[in-house]
Amino acid sequence: MAFSFICRNFAPNSTLKMNQIEIREVTGKKELKTFIQFYYDLYRDCDQAVPFLYFDEMNTLRHDKNPSFECCEARYFIAYRDGKVVGRIAGIINHRANERWNRKAMRFGWFDFIDDKEVSKALLSTVENWGREVGMNEFVGPMGFTDMDREGMLVEGYDEMSTHYVNYNYPYYIEHIKNYGGFVKDNDYLEYHVKVPEKVPEKFSKVTEMVKKRYNLAVHKLTRDEIMNKNMGRKVFEIINATYKDLYGYSQLSDHQIDALVSDYIEKADLNLVTTIVDNNAGGKMVGFGITFPSFARAMKKTRDGRLFPFGWWHILKAIKWHKTDTVDLLLIGVLPEYRTKGANAIIFDDLIKYYIKYGFKWAEAMPQMETNEGVLSQWQYLEAYQHRRHRCYKKELR
């Protein structure tokens, strides 16, 4: 298959020059490789930044690989000065999200640059101008194609090692956003560092026992056969559609997107670290889930720019298969709205903590949670946890 990611309204071979900064639009695979490589070069000597898997980045940004292009269009731009790459940015329009939220929002993402305000200004204004041209009235980001992509700019926690699933950026990024003008806070995401207890907290155990008896809820551990042949993996992301539908900027996942996510997450997971909750009163209906993975942040630090070869695969395999890490990542947790007040979350943690102890994990990294989601944030009060990172999405009105 020929390489293709060009979308409608794409102006090939476009080049803009701003104050001796040349902005070139990505039009092919060679330029896309340059776009992706810039992040690895910029953060190569940063101890806290974790490289992203190179092939994941390529597949996410390619029109012929990422099912999000069913509802999105995107353009990618690279900034050059004196022939050297000094920045990059993606402009994204998620038509499904815009329709759902009645917005006309131009998203920006994959936004990285050297500490030069002329560079960041040139990149942002390029995408902003595209937004104006196509009738958008908001400029928001950093955001990806969907909620399954990395979102937000790091504004707290620069001295903490990042994870493979969130953005890391240098502190100077915030000053560039302020300098550009017009941006205000749109949404914050909080992340927690959680100590794995030596035994399941009594609170979880008591609630779990009570809830199981009162509502006839039960833990169900998925099998490979259920995932591959009975579509049980898909039901997890159907719950995400129901659970996340009212969250900031969310757009419903299509069947094609769900199939890709099942392949990326469920099929590769250690199923001991995936817990689902079923309602036996409803014929075993899945009503909640928790997906967790051994952290491979330190393994990724040992790769060559996020590449699995020649030796990167070995470090990642040791983390995922043999749990050669002291940290587990809490990727996704979802409970159907009508079961949230019934204590289903406690059942999930009660089950997963047992496996964390068995595998010898000492810490858990809770992935981004909206600061306004008090129900989710309150669950950490029963564990030794502290909020250690914050990511922010910004918004600017286009007039």
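What counts, and where the lines are drawn
- Residues numbered from 1 in each chain as written.
- Predicted model: local features only at pLDDT ≥ 70, side-chain atom pairs only at ≥ 80, totals over all residues.
- Heavy atoms only, no water.
- Helix = DSSP H or I, 4+ residues; strand = E, 2+ residues; numbered from the N terminus.
- Rg over C-alpha atoms; globule rule 2.2 N^0.38 Å.
- Contact = heavy atoms within 4.5 Å.
- Areas by Shrake-Rupley, 256 points an atom, 1.4 Å probe, with all protein chains shown as cover.
- Lys, Arg positive; Asp, Glu negative; His and termini not counted.
- Charge placed at Lys NZ, Arg CZ, Asp CG, Glu CD.
- Core = buried A, V, L, I, M, F, W, Y, C linked by side-chain atoms within 4.5 Å.
- Buried < 20%, exposed > 50% of the residue type's maximum accessible area, 1.4 Å probe, protein only.
- Pairing = 2+ DSSP bridges.
- Salt bridge = Lys/Arg side-chain N within 4 Å of Asp/Glu carboxyl O.

A separate point is the overall build of the protein. On a plain count of helices and strands, the protein comes out with 13 helices and 14 strands. Relative to the globule expectation of 21 Å for 399 residues, the C-alpha radius of gyration of the protein, 21 Å, shows essentially globular dimensions. Seen through its principal axes, the protein has C-alpha atoms that stretch 70 × 45 × 45 Å. Long-range contacts, defined here as pairs at least 24 residues apart, represent 76% of the contacts in the protein between residues at least 6 apart. When the accessible surface of the protein is summed, it comes to about 17,900 Å², and 48% of that surface belongs to carbon and sulfur atoms. Taking the average place of the 58 positive charges on the side chains of the protein and the average place of its 54 negative ones, the gap between the two points comes to 2 Å.

Turning to the nonpolar core, a few remarks are in order. By size, the foremost hydrophobic cluster in this structure holds 68 residues, and its most contacted members are Phe237, Ile240 and Tyr356. The element contributing the most residues to this core is helix H12 (residues 344–359), with 9 residues. Excluding residues that lie within four positions of it along the chain, Phe237 makes contacts with Leu253, Ile258, Leu261, Val262, Tyr265, Ile266 and Leu332.

We now examine the pairing of strand E3 (residues 72–81). Burial analysis of E3 places 9 of its 10 residues in the buried class, which makes it a mostly covered element. Bridge count between strand E2 (residues 21–25) and E3: 4 bridges; the pairing is antiparallel. Each residue of the ladder has a partner; that of Glu22, found in E3, is Tyr80. Relative to strand E4 (residues 84–94), E3 runs antiparallel, the two being bridged by 10 bridges. Across the sheet, the residue bridging to Tyr80 is Val85, located in E4. Counting the residues in the hairpin turn of E3 and E4 gives 2 residues, including Asp82, whose phi is positive at 55°.

Tallied over the entire structure, the rule returns 30 salt bridges. When the shortest N-O distance is used, the salt bridge between Asp305 and Arg44 registers 2.6 Å. Of this pair, Asp305 sits in the loop between helix H10 (297–301) and helix H11 (312–320) while Arg44 sits in the loop between helix H1 (29–42) and helix H2 (54–61), and the two are 261 residues apart along the sequence. In this structure Asp305 comes out as buried when scored by relative accessible area, which is 12%. When the shortest N-O distance is used, the salt bridge between Asp350 and Lys354 registers 3.4 Å.

By themselves, these figures tell us nothing about what the structure is for.
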